[in-house]
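# Structural characterization, general
Spelled out from the first residue to the last, the chains are:
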Amino acid sequence: MTLLPTAPDPVTDTDIGRAALPRTRLWVPRHVQVTRSASELPHGQRIIARCEAAGIDDIEVLSGDRLTGLRGGDERETYARAKATLAVVVSPPSKRRLVPIPPSADWRLDLAEGCPAHCQYCYLAGSLGGPPVTRVFANLPEILAGMDGYVGAGAVTSGTDERGHEGTTFEASCYTDPLGIEHLTGSLSEAISHIGTHSFAGPVQLRATTKFAGVGPLLDLPHGGRTRIRVSVNSAAVSRRFEGGTDRVAARLHALGSLARAGYPVGLTIAPIMPLDDWRAEYGALLDAAAAELAGVPDLDLTAECITHRFTPGSKQVLESWYPRTRLEMDPDERTRKHGRYGSVKYVYPVAVMREMRAWFDDALAERLPAARTLYWT
Ligand code: SF4
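Residues numbered from 1 in each chain as written. Predicted model: local features only at pLDDT ≥ 70, side-chain atom pairs only at ≥ 80, totals over all residues. Heavy atoms only, no water.

## Considerations on the overall build of the protein
Under the convention used in this document: Numbering goes from the N terminus for both helices and strands, where a helix is a DSSP run of H or I of at least four residues and a strand is a run of E of at least two. In this setup the radius of gyration rests on C-alpha atoms only. A globule is expected at 2.2 Å times the number of residues raised to 0.38. Throughout, exposure labels follow a simple rule: accessible area from a 1.4 Å probe, protein chains only, divided by the maximum for the residue type, with under 20% read as buried, over 50% as exposed, and the rest as partly exposed.
Across its full length, the protein carries 12 helices and 19 strands. Here the protein has a C-alpha radius of gyration of 20 Å; the compact-globule value for 378 residues is 21 Å, and the two agree. Expressed as lengths along the three principal axes of its C-alpha atoms, the size of the protein is roughly 55 × 50 × 45 Å. Per-residue burial for the protein yields a buried fraction of 54% across its 378 residues.

Right, dumping it as structure tokens:
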């Protein structure tokens, strides 16, 4: 039984250029909409060319800058249509004013918004309004040039002991999975190359996390050690039940090893952690598999970020409309209610459960991946 809605799962196995790399899923959207302004920019034109090369027939250059026809007759139809659509747009000035994003990084740097995968706990539900279309920004040079003004300015996380040497950090995965759309955009490669070669006023780090494995195009980029790529991983039970349209965890871990061997700082984003089934054995197997992929990497620079499952009233409502038959537990009575900034509410695991999981992960990471610096547990 599939829990995915009727959206297509347009998966194309492909050779990604290196025999040692696993075959990966490459998303092929059914529809591509390009706003007039985006179509006039070189990066927008390159994205159109990539979409044509991927064999997409329905590429529409709009006469204006407003996307059209994204809504269906009901929530599920809207979801299906939006998830099958790539929109190429220009990010507005408001989006180019960067905002702090602790604990992940000092600043959020959006290369795109939205994601073609179908995770039933998706972090984007309730964060991004409207139909979940994947929007990629065509004014990439402008976005990257804007980073200069933030280097050293009001850093939030880089003052911590674990992060100080990394300089000002920019997170590219807050609202998208940049690797999941890289074959159509090239944006992540361009960002990595820019940050690896540009002369900044101080040390910088680009950060990206992914549930995809198509890292072939990244391996030979002039990254300069300034981009840390983490793979988002989970136990077999969580991944099998709730992560649709992503690459398998084993492929993600193999990609992580390839990146580390290409000199990238790397990381594990273990998220969202859930105490399902035999969770200690399953997370233990996950950490063992990561250790095996990273064995023998010279000068390994490895971090770990641990994020437990949580939801908000808004994300629960959106996720239940997208995945009405989900088995994901989102019962407020089973959780502890916490208040965030600006009066927002989120539901997390009770204190005793959190304490038990945290103690287990602290020990397991120290034992199985002693090279890993844990950046945060939340
Ligand atoms: Fe959401 Fe991340 Fe899954 Fe994409 S890969 S659907 S952004 S949780």
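## Topic: helix 12 (residues 351-368)
For clarity, the cut-off: Between the first and last residue of a helix there are one fewer steps than residues, each counted as 1.5 Å, and that sum is the expected span. It is the directions from the helix axis to the C-beta atoms whose arc is reported. Two residues qualify as a contact provided that any one of their heavy atoms is within 4.5 Å of a heavy atom in the partner residue.
With 18 residues, helix 12 should cover 26 Å at 1.5 Å per step; its first-to-last C-alpha distance of 25 Å lies within 8% of that length. Within helix 12 the residues assigned to the buried category are M354, M357, W360, F361, A364 and L365. The buried residues of helix 12 occupy one face: seen down the axis, they fall within an arc of 135°. Turned more than 90 degrees away from the buried face of helix 12 sit V351, A352, R355, D363, A366 and E367, all of them exposed. Turning to helix 12, the residues buried within the fold contact strand 15 (266-273), helix 10 (279-294), strand 16 (302-308) and strand 19 (373-377).

## A short note on the sheet that holds strand 6 (residues 100-101)
Here is the rule: The pairing criterion for strands is at least two bridges between them, as found by DSSP. Simply put, an axis is a line fit to the C-alpha atoms, just over the touching stretch for a helix, and the angle between two N-to-C directions goes from 0 to 180 degrees.
Read across the open sheet, the eight strands follow the order 6-7-11-12-13-15-16-19; overall the sheet is mixed. Of all the strands in the sheet, the pair left with one neighbour each is strand 6 and strand 19. Contacts between helix 7 (residues 187-197) and the sheet are confined to strand 12 (204-210) and strand 13 (227-233), with strand 12 contributing the most and set at about 160° to the helix. Along the sheet, helix 12 makes contact with strand 15, strand 16 and strand 19, crossing strand 19 at roughly 170°.

## Section: the nonpolar core
Rule in force here: We define a nonpolar core as any set of buried Ala, Val, Leu, Ile, Met, Phe, Trp, Tyr and Cys residues linked to one another through side-chain atoms lying within 4.5 Å.
Counting residues in each nonpolar core, the largest one holds 91 residues, and the members touching the most others are L109, F170, L206, L218, L268, I270 and Y283. Broken down by element, this core gets its largest block of residues, seven residues, from helix 9 (residues 249-261).

## Details of helix 10
Here helix 10 contains 16 residues, and its C-alpha end-to-end distance of 22 Å stays within 8% of the 22 Å for a straight helix at 1.5 Å per residue. Within helix 10, the full set of buried residues consists of W279, E282, Y283, G284, L286, L287, A290 and L294.

## What about the packing of aromatic side chains?
Where two aromatic rings form a pair, the distance of their centres and the angle of their planes describe that pair. Quick note on the threshold: Centres within 6.5 Å are what make two rings of Phe, Tyr or Trp a pair, Trp counting through its six-membered ring; a difference in plane orientation under 30 degrees is then read as stacked, over 60 as edge-to-face, and the rest as tilted.
Applying the stated criterion to the full structure yields 10 aromatic pairs. Seen from their ring centres, W107 and Y150 are 5.0 Å apart, and the 65° between their planes marks the pair as edge-to-face. Residue W107 is found in strand 7 (residues 105-108), and its partner Y150 is found in the loop between helix 5 (140-145) and strand 11 (168-171); the two are separated by 43 residues along the sequence. The exposure class assigned to W107 is buried, which follows from its relative accessible area of 9%. Relative to F361, the ring of W360 lies with its centre 5.0 Å away and its plane at 85°, an arrangement referred to as edge-to-face.

## Details of the pattern of salt bridges
Applied cut-off: Take a side-chain nitrogen of Lys or Arg and a carboxyl oxygen of Asp or Glu: if they are within 4 Å of each other, that pair is a salt bridge.
Taken as a whole, this structure holds 19 salt bridges when the rule is applied. Between E142 and R96 there is a salt bridge, and its shortest N-O distance comes to 3.3 Å. You can see E142 sitting in helix 5 and its partner R96 sitting in helix 4 (residues 93-96), a full 46 residues away along the chain. What makes R96 partly exposed here is its relative accessible area of 25%. For R241, the salt bridge identified is with D277, shortest N-O distance 2.6 Å. With R241 in helix 8 (residues 236-242) and D277 in the loop between strand 15 and helix 10, this residue pair connects regions lying 36 residues apart in the sequence. Ionic contacts of the salt-bridge type, sharing partners, join the residues E166, R228, D301 and R373 into one network.

## Notes on the sheet that holds strand 10 (residues 134-137)
Pairing is mixed in the open sheet, where five strands are placed in the order 4-3-5-10-8. Only two strands of the sheet have a single partner each, and these edge strands are strand 4 (58-61) and strand 8 (112-113). Two elements, strand 3 (residues 31-34) and strand 4, share four bridges in a ladder whose sense is parallel. Among the inter-strand pairings, Q33 is bridged to a residue of strand 4, identified as E60.

## With respect to the environment of Q33
Along the polypeptide, Q33 turns up in strand 3. Sequence separation between Q33 and L188 is 155 residues, and the spatial gap between their C-alpha atoms is 20 Å. Apart from residues no more than four positions distant in its own chain, Q33 is found in contact with E60, L62, L67, T68, L70, L86, A87 and V88.

## Quick word on the state of the cysteines
Basically, it comes down to this: Disulfides are defined in this document as cysteine sulfur pairs within 2.5 Å.
With the rule as written, the count across this model stands at zero disulfides. Counting only cysteine sulfurs, C115 is the nearest neighbor of C51, a cysteine outside any disulfide, at a range of 16 Å. Look at C51 and you get buried, because its relative accessible area is 0%. Residue classification places C115 among the buried residues on the basis of a relative accessible area of 12%.

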